[in-house]
There are 2 protein chains.
Amino acid sequence: MLNFTYYTPTKVFFGANEIDNVAKIIKEYGFKKILLHYGKSSIKTTGLYDRIIKLLVQNNISFLELGGVEANPKLSLVLEGVKCVKTNEIDFILAIGGGSVLDSAKAISVGSCVDYTPWNFSIKKEVPQKRIPMGCVLTIAASGSDMSDSCVITNEETKEKRGFNSPLNRPIFAILDPTLTYTVSKYQTACGVVDIMMHTLERYISKGEDDTDLTDNIALSVLKTVLKYGKTVIDNPTNYEARANILWANSISHNGITGMGRPFVMSVHQLEHELSGMFDEVAHGAGLAVLWPAWAKEAYKSSISRFKRLAYEVIGIKPTNDINKDIEDSILKLKTYFKELGMPTTLREFGIKEEACKILAYNTTIKQNRIIHDVIDIDYQEALKIFEISY
Amino acid sequence: MLNFTYYTPTKVFFGANEIDNVAKIIKEYGFKKILLHYGKSSIKTTGLYDRIIKLLVQNNISFLELGGVEANPKLSLVLEGVKCVKTNEIDFILAIGGGSVLDSAKAISVGSCVDYTPWNFSIKKEVPQKRIPMGCVLTIAASGSDMSDSCVITNEETKEKRGFNSPLNRPIFAILDPTLTYTVSKYQTACGVVDIMMHTLERYISKGEDDTDLTDNIALSVLKTVLKYGKTVIDNPTNYEARANILWANSISHNGITGMGRPFVMSVHQLEHELSGMFDEVAHGAGLAVLWPAWAKEAYKSSISRFKRLAYEVIGIKPTNDINKDIEDSILKLKTYFKELGMPTTLREFGIKEEACKILAYNTTIKQNRIIHDVIDIDYQEALKIFEISY
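What you see is a predicted model, and the numbers here were worked out from it, not measured in a lab.

### So, the overall build of chain A
Of regular secondary structure, chain A possesses 15 helices and 10 strands. For chain A, the C-alpha radius of gyration of 20 Å lies close to 21 Å, the compact-globule estimate for 391 residues. Principal-axis analysis of the C-alpha atoms gives chain A an extent of 65 × 45 × 45 Å. Each of the 391 residues in chain A was classed as buried or not, and the buried ones make up 62%. Counted over contacts in chain A with a minimum sequence separation of 6, partners at least 24 positions apart contribute 78%. Separation of charge centres in chain A, based on 45 positive and 46 negative side chains, amounts to 3 Å.

Here's what the structure looks like:
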């Protein structure tokens, strides 16, 4: 078991109608002038925008607004946010939306305390030391960004999508109201289910000894719950129990607890960042759904004991005498599950040309002058193989 | 699922030799003058005391000391600590020890910010609003006090043991070094194993719907790990993997995550506090080991679905057609497990007279003008029955 630091200071307010406490919570922290940061139209069409504005006005909380965050949040909008915070003496940023909005707010939060571009954090040229406090109202169960220390931004000029981790990226509070997720589309809900699974799965299946029993048991628990409710939230979007369990899984899956004592590499996330960084139309969860089975096929023989528990305890494969076959069956079963959720199963379905595999493999490895070391080492050749299997 | 607030801001530094970072960590927080709070002789005989003093001196950290914390930490020493903090401008309290030392330090931490006795917090007459920051080096896996919001103090004048919960009770950091637990005696180790189990078990078997799947799965996970390694830490006290998993379970079990969305009552803890409050020789974990099976016998028929999962998924009972028998078998099997750990199985073994059952039942209920409402309601008659079954 590796030594680790566990630090999840985000205060989570979880449950139906917790959103009604948003102004009360902000006032308790004593913030004076806040920036509302959100996406395009959805919070306006669902009525959430009006609901929050009403509460802020009633409670005399002064605010500015910056909307327009897109999927794969863009550096240009982050820079606009930084300018807004600096010139208006904003002391708190409230992100209202899904992972993209939260990550954009996180980049603004740390970017507002430096005199260089926050892209420097993404390319690991600088490390954040300060921030403007940031909290969130999460509207999509997926990214786990509400409790995570990660922040992923896309530089639209270079077409690069890069993440950086910092304790300062953890929101000071998160309002998680399952009823706010009722209106998420089936496709986005499915992308979320996959993303949640992957945050745990990529921690669970990592290099190292099988000496992290508690962490492993928790990880397998989270996967069981997500698998159980994944279809319900799509078939019956207003099922509170299912939405609530999935939403809480969203947080637990990426706040660190499912990987304590293990290496943190997230190989498939690395591959996917190249994919959705290059092709804006690829939703992160959909990209993961396509890439994970291909990666797993390549990787399982290097991590039999962990794939085995996954197959038998979570995916429900009945043990035979052929462990390799059992694991391959489990990978196929999970791929089928993703398909049943409405996810694509090949890169082709995104309308991507096969030649792109080479560019993606190059971008993942040689361009960044790296090999991804994890359960299997991913160099250019290995990356190419995974992208080609996925095609 | 009940709405909930999840807030675990304690920064955990976990792993072998993390203790060597204690001075570095304190310096990073910028504290100027600290109070070391500890128990009787054990940290001196193990060399931990010398190790910490050396690091503090080498790093020019100014400190005072207050040792002498006993099991079931006493209000009188807390008051001494409060006086010391107030008169010496202490800005940080470092607790070094097990749950008793940590709870004593927590009471000093909040007690130093008021001009009345901190016992007022214990009897719910006042609510803490401020504290002197407090951190800890945990030496026994048991109480989970390193991440918990609870603090239990014994008033030796009134012979009352009372707990209070507050977000201010959570240490700002916790150093969890499994190698420091190698020297804990077999008996104390066993008491710890039981206490850890009970923090989760008492959250898991609580009133309410079966709609908290994720929380339940996590709870059952923790119980599996504790059951798996409970004997190993006793038979092979320097097994790092076992000590590390048990130590991490100690934190997870009581930081809140195993009960989110469920009512938090902890009936058996309430009964046990009367027991060890009245009889100082009763170790908390040993008291729980005796009382839980008696309570479970009374309670299981009111919570069949939850006892069932416990029996089949954790305790390893093979399902038959008689669910009641299966559950009774599982309770017996857990009782036997406690015995194998070296725990007593009856109150008689503590040398307590049978008449004490009436006083204990009275103290638990009528004296405090309450009935404990949970899976079963515990009034005087019910409390008496449980104490008598335990006898």
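Let us keep going from here.
### With respect to the interface of chain B and chain A
Contacts between the two partners involve 40 residues from chain B and, on the opposite side, 40 residues from chain A. Interface area, chain B with chain A, both sides summed: about 3,400 Å², of which 59% is carbon and sulfur. Among the residues chain B hides against chain A, the three largest losses belong to Tyr6(B), Leu214(B) and Trp248(B). Together they make up 19% of the total. At the boundary of chain B with chain A, the tally comes to 2 salt bridges.

### What about the pattern of salt bridges?
A side chain of one charge can pair with a side chain of the opposite charge when the charged atoms of the two come close. According to the stated counting rule, one finds 30 salt bridges over all chains in the structure shown. The salt bridge partner of Arg51(A) is Asp20(A), with a shortest N-O separation of 3.3 Å. Pair noted here: Arg51(A) is in helix α3 (residues 48–58) and Asp20(A) is in the loop between β1 (4–14) and α1 (22–29), with a separation of 31 residues, a long-range link. For Arg51(A), a relative accessible area of 30% gives the class partly exposed. For Lys385(B), the salt bridge identified is with Glu298(B), shortest N-O distance 3.6 Å. Note that Lys385(B) is positioned in helix α15 (residues 380–390) and Glu298(B) in helix α11 (residues 284–299), a separation of 87 residues in sequence. One salt-bridge network, in which partners are shared between bridges, spans Glu160(A), Arg162(A), Glu274(A) and Lys367(A).

Criteria and thresholds
- Residues numbered from 1 in each chain as written.
- Chains lettered and ligands numbered in written order.
- Predicted model: local features only at pLDDT ≥ 70, side-chain atom pairs only at ≥ 80, totals over all residues.
- Heavy atoms only, no water.
- Helix = DSSP H or I, 4+ residues; strand = E, 2+ residues; numbered from the N terminus.
- Rg over C-alpha atoms; globule rule 2.2 N^0.38 Å.
- Buried < 20%, exposed > 50% of the residue type's maximum accessible area, 1.4 Å probe, protein only.
- Contact = heavy atoms within 4.5 Å.
- Lys, Arg positive; Asp, Glu negative; His and termini not counted.
- Charge placed at Lys NZ, Arg CZ, Asp CG, Glu CD.
- Buried area = accessible area lost by both parts, 1.4 Å probe.
- Salt bridge = Lys/Arg side-chain N within 4 Å of Asp/Glu carboxyl O.

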